[in-house]
Each structure stands twice: as C-alpha cells, then as structure tokens.
Amino acid sequence: MIELDGSTGEGGGQILRTSLTLSMITGQAFRIRNIRANRQPQGLRRQHLSAVRAAAVACGASVTDAEAGSTSLEFTPGRVSGGVYEFDIGTAGSTTLVLQTLIPALLFAEQPTVVTVRGGTHNPKAPPAEFLQRAYCRLLAAMGADVEIDIERYGFYPAGGGAISANVWPCKQLRRIDLFERGALQQAYAQAIAARLPAQVAQRQYATVRNLLGWEADQMREVLSPTSASPGNAILLTVESESVTEVFSAIGDRGVRAEAVAREAALEARRYLASGAAVGEHLGDQVMLPMALAGGGAYTLDHVSQHAITNAEVIAHFLPVTVSFEQGERFNTCHVRTRI
C-alpha cells in the first residue's frame, strides 16, 4: 500500500488524479490523506469523486471513503478494461480532468474504449477540451498512442451540461521522445467562444490579442457560438509548430471584462513564444507522466509549476523513474530517467 500525503506540493487534486492513473496501470494500491489540504473547501468535490468512481469502474477497483468532503481515500485497483463508459459529474466540474485521469490507463486495456464524460468542458483552472484535442493528443500520437477527443456539447459554469468523449485504442508500449525544440512555426490563430453572449464580447477579446501578440486579422478565426445550458465565454490561442502544438486559454467569469480574459491567455502565449521552449507550463505538467510510462524522455518548458514538481514526486512513488529540472537562461529542461 503506497502512502501519500495530499498536503504536499501544490496540495490540490493533481496528486489524487496522478495516483489514480498510475495505480490503475501498475496495479499498486494507495492510501491518500489530507486530500486537497491547500484548497477551500478541502477534501473531495464532485469532479474529484467522478474521477475516483470512473477509475474504479474502468479497473474494477475497491474504494473506501469515496464521499464528498472526504479528506482520505484508499484505492485498490483491479485490471484495466476497455469498453464503452459514460460518466456524469452532475455539476459544471471539469470533464477534461476526469478524462486526463483515465486516458493513460485505458491505453493499457486489452480492447478499445469509448468514454464520455458529462459536466463542464471549459472551466477556470482546468485545460479546455481543445487542449486535449490539439496539444495533449498530438504528443501522445508522437509516442505511438491513438486517442481522439470529440466535443459533443459545450458546458459552462454554473449549469454544466457539456459532454466530451474520447476514443482510446490499446498501446502496449509508449515510445520515448525528446522535445528540446518546437521547430518552425506552422500557424498561430485565435478562437473566441461566446455562448449565449453578444458577439461584441468576442471582438473585444480579439482586439486585446492583436494588441498584445501583434497577430493579424486573418489569425482571428470565426467566433464560436455553441449551444450551451449557461452563458459562457473563452479565448483559445493555438500555436502549431513542427514538433508540438500548444493551446493557451482563459475562461470568462461573471464580472470579469472580456479584455482581462484575453489578456491572461495572450500573456501566457507571449511568454511561451519568447522563451523558445518546446512546451508551455501546462503541457509540461501533463507530458511528464506519459514519458515516465515510456521509460524516459526529456523536454524544454517555459516555466516549472508547482503542479509539475508535485507530479514528479507522485510519479516516483509508483514508477522506477526520477524527474529532474534543469534551469536555463530562457527556459527549463525536464529529464525523465529510469532508476537503476
């Protein structure tokens, strides 16, 4: 039984999600205490419970203390099984975080999987569905995995009601890759999402992006106006290079000006473009686990987050790898190495 303290590092849900993924893959049981100790409210919320229950269903696990507000949990996995799964968070909680928990484990199932998660598709502090489609899945493909993501319906806070699905094909062994350079820029473009909101909101976001990034009018794609149970707005900035695709995003909230939403995403994109690193902060958090499963790899990233450091510590509990970060003048390098 692996013992974990959920208050270490970033002290949020990442510790739980990574533990669930690796427990499913390795067959190692774990016990975690002080879940989300650095968040308010502490303990399990609906989206975290959905990840736990989805993981339990997909591998036939036995689970104790899987209740709302619980600050401890014990998870004993069985064997990962493919098939057709549907999970409903029941709130606007992040569907993408639930999928990110499941996808790496489902690669090791004996048969293909179709999994649909209902809830929020575009949430603050969570990657949007387009990030999984364009950035995360492209890197998995480079490692030999075949995963497709579809947005079936958009869901914003507070009603949720969105749905995204993933088709996951078995992959017995991920290939090691090294990402030291992103390569030449292929294209960069902005997309505004304005669900049940005036188109003017999107145009104000585009004006901010042009001002901060110097992008031209033809890089501003047609505004997306999807059907949604709740009004919502977001900005997506996609940077596609030879070796990697990055997606920078910001989600609107009540009382937050459209310009402020666009500014958040544009400044993150600008930092990445200026750094010369292969991946940005958030993709750097996520690619670490597949590289560990592949037995090693390396990549440059523009910023090492507390999420990344925490992820590295959790991975080391389950897999015989070490993760180290080397700081440079403009960017950092992450090395994932097998322990001997």
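Because the structure is predicted, anything quoted here is derived from the model rather than measured.

Here the UniProt feature "domain: RNA 3'-terminal phosphate cyclase insert" (unreviewed entry) sits at residues 181-273. Taken end to end, residues 181-273 comprises 33% helix and 30% strand; its first and last C-alpha atoms sit 12 Å apart.

Okay, the sheet that holds strand 4 (residues 72-76) next. Here four strands make up an open sheet; going across it, the order is 1-2-4-3 and the pairing mixed. Strand pairing shows two members of the sheet lacking a second neighbour, strand 1 (2-5) and strand 3 (62-64), which therefore form its edges. Averaged over all adjacent pairs, the angle separating strand axes in this sheet is 15 degrees, with direction ignored. Judged from the three bridges that link them, strand 3 and strand 4 form a sheet pairing that is antiparallel. The residue of strand 4 that forms the bridge with Ser-62 is Thr-76.

Another point: unusual backbone geometry. Pro-41 follows Gln-40 through a cis peptide bond whose omega is -5 degrees. Residue Pro-158 is reached from Tyr-157 by a cis peptide bond, and omega for that bond is 5 degrees. Locating Pro-158 in the fold gives a position in the loop between strand 7 (147-153) and strand 8 (162-168). Residue Asn-34 is not a glycine yet carries a positive backbone phi of 55 degrees. By secondary structure assignment, the location of Asn-34 is in the loop between strand 2 (30-33) and helix 2 (46-59). On the basis of relative accessibility, which here comes to 30%, the residue Asn-34 falls in the partly exposed class. If you check the backbone angles, Asp-65 has positive phi at about 65 degrees while not being a glycine.

The rules we used
- Residues numbered from 1 in each chain as written.
- Predicted model: local features only at pLDDT ≥ 70, side-chain atom pairs only at ≥ 80, totals over all residues.
- Heavy atoms only, no water.
- UniProt positions renumbered as here; feature names shortened; annotations may be inferred.
- Helix = DSSP H or I, 4+ residues; strand = E, 2+ residues; numbered from the N terminus.
- Pairing = 2+ DSSP bridges.
- Axes fitted to C-alpha atoms, helices over the stretch in contact; angles between N-to-C directions.
- Buried < 20%, exposed > 50% of the residue type's maximum accessible area, 1.4 Å probe, protein only.

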